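Listed here are the chains, written in short residue letters.
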Amino acid sequence: MQKTSLERRGVSIAVSNTSPLIALKHAELLEKLNLLFQRIIVPPSVMRELSVKEKEYFQNLDLLSVEEPHDRRLVLVLKTIVDEGEAEAITVALEKNSLLIIDDLRGRKVARRLGLEIIGTLGLLKVMKLKGIIREVKPFIKRLREKGFYISDDLVNKLLSDIGET
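Residues numbered from 1 in each chain as written. Predicted model: local features only at pLDDT ≥ 70, side-chain atom pairs only at ≥ 80, totals over all residues. Heavy atoms only, no water.

Undergrad: Break down the overall build of the chain for me, citing the residues and quoting the values.
TA: Within the chain, the regular secondary structure consists of nine helices and five strands. The C-alpha atoms of the chain give 15 Å as radius of gyration, which agrees with the globular expectation for 166 residues (15 Å, within 12%). Along the first, second and third principal axes, the C-alpha atoms of the chain reach 45 × 35 × 30 Å. Put simply, 64% of the contacts in the chain that link residues at least 6 apart link residues at least 24 apart. Within the structure as shown, the chain displays about 9000 Å² of accessible surface, and the carbon and sulfur contribution to it stands at 47%. For the chain, the separation between the mean place of its 28 positive charges and that of its 24 negative charges on side chains is 4 Å. (Helix = DSSP H or I, 4+ residues; strand = E, 2+ residues; numbered from the N terminus. Rg over C-alpha atoms; globule rule 2.2 N^0.38 Å. Contact = heavy atoms within 4.5 Å. Areas by Shrake-Rupley, 256 points an atom, 1.4 Å probe, with all protein chains shown as cover. Lys, Arg positive; Asp, Glu negative; His and termini not counted. Charge placed at Lys NZ, Arg CZ, Asp CG, Glu CD.)

Right, here's the structure in full:
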């Protein structure tokens, strides 16, 4: 597995799509993201998705800031391939030359093709373990699965092997 800049040297700002933030909230780790980032930018469509069920929780999270993508044409083009939240998140990450936090496979492929560095929920769990923020990854994966999140066994086994939790 290739190391991200977050694993190598850390980054202060990232852009996020919806699903990793919801997953980390369910894993009870969202508040720990402030140990990895000074700020996480979310585009308006992502904040709307986050606010559907838990508006107050996400709007009161100091770590998150909402920023509009400037290149609306790019958003429109990307929306033909991925959903609106992913299109806006990819666009903002490109504009900020920032790490993109995204889980959706199609969105990850598009972001990589556009030259973005990406990390997903499992990658964040790995970094948290490597930086001593959490002691084990397994209990968080179990919690996510219990909450209905699908995580491929192959990905889990690879991650656990990489971090010595097999």
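Undergrad: Give me the lowdown on the side chain of Thr121, citing residues and values where you can.
TA: Mapped onto the elements of the fold, Thr121 is located in helix α7 (residues 121-130). Owing to a relative accessible area of 5%, Thr121 belongs among the buried residues under this scheme. For Thr121, the residues in contact, after removing those within four places along its chain, are Pro20, Ala23, Leu24, Asp103 and Leu144. (Buried < 20%, exposed > 50% of the residue type's maximum accessible area, 1.4 Å probe, protein only.)

Undergrad: Just give me the short version of the pairing of strand β2 (residues 39-42), but keep the residues and values in it.
TA: Sheet topology places strand β1 (residues 13-16) next to β2; three bridges connect them, and they run parallel. When the bridges of β2 are listed, Ala14 appears paired with Ile40. As a crossover connection, the stretch from β1 through helix α2 (residues 18-26) into β2 is right-handed. Where β2 and strand β3 (residues 64-66) come together, three bridges link them in parallel fashion. Looking at the pairing, Ile41 lines up with Ser65 of β3. Note that the unit made of β2, helix α3 (residues 44-59) and β3 has a crossover that is right-handed. (Pairing = 2+ DSSP bridges. Right-handed = clockwise from strand over helix to strand, strands pointing away.)

Undergrad: Would you mind going over the packing of aromatic side chains in detail, with residue names and values included?
TA: Throughout the structure, instances matching the rule amount to one aromatic pair. Ring plane angle 90° and centroid distance 5.1 Å describe the contact between Tyr57 and Phe58, whose orientation is recorded as edge-to-face. Using a relative accessible area of 2% as the deciding quantity, one classes Phe58 as buried. In this structure, Lys25 packs its charged tip against the face of Tyr57, placed 4.7 Å from the ring centre. (Phe/Tyr/Trp six-rings, centres within 6.5 Å; stacked < 30°, edge-to-face > 60°. Lys NZ or Arg CZ within 6 Å of the ring centre and 35° of its normal.)

Undergrad: Give a description of the pattern of salt bridges that names residues and reports values.
TA: Tallying each qualifying case throughout the model produces ten salt bridges. Among the ionic pairs, Glu88 bridges to Arg72, the shortest N-O distance being 3.4 Å. In this pair, Glu88 is assigned in helix α5 (residues 84-96) and Arg72 in helix α4 (residues 72-78), connecting sequence segments 16 residues apart. Across the pair Lys142 and Glu146 runs a salt bridge, and its minimum N-O distance is 3.8 Å. Taken together, the residues Lys142 and Glu146, both in helix α8 (residues 138-146) and four residues apart, mark about one turn of the helix. This pair shows no difference in class: Lys142 is exposed, exactly as Glu146 is. (Salt bridge = Lys/Arg side-chain N within 4 Å of Asp/Glu carboxyl O.)

Undergrad: Report on the pairing of β1, specifying residues and quantitative values.
TA: For β1 and strand β4 (residues 99-101), the ladder comprises three bridges, and the chain directions are parallel. Opposite Ala14, over in β4, you have Leu99 as the bridge partner.

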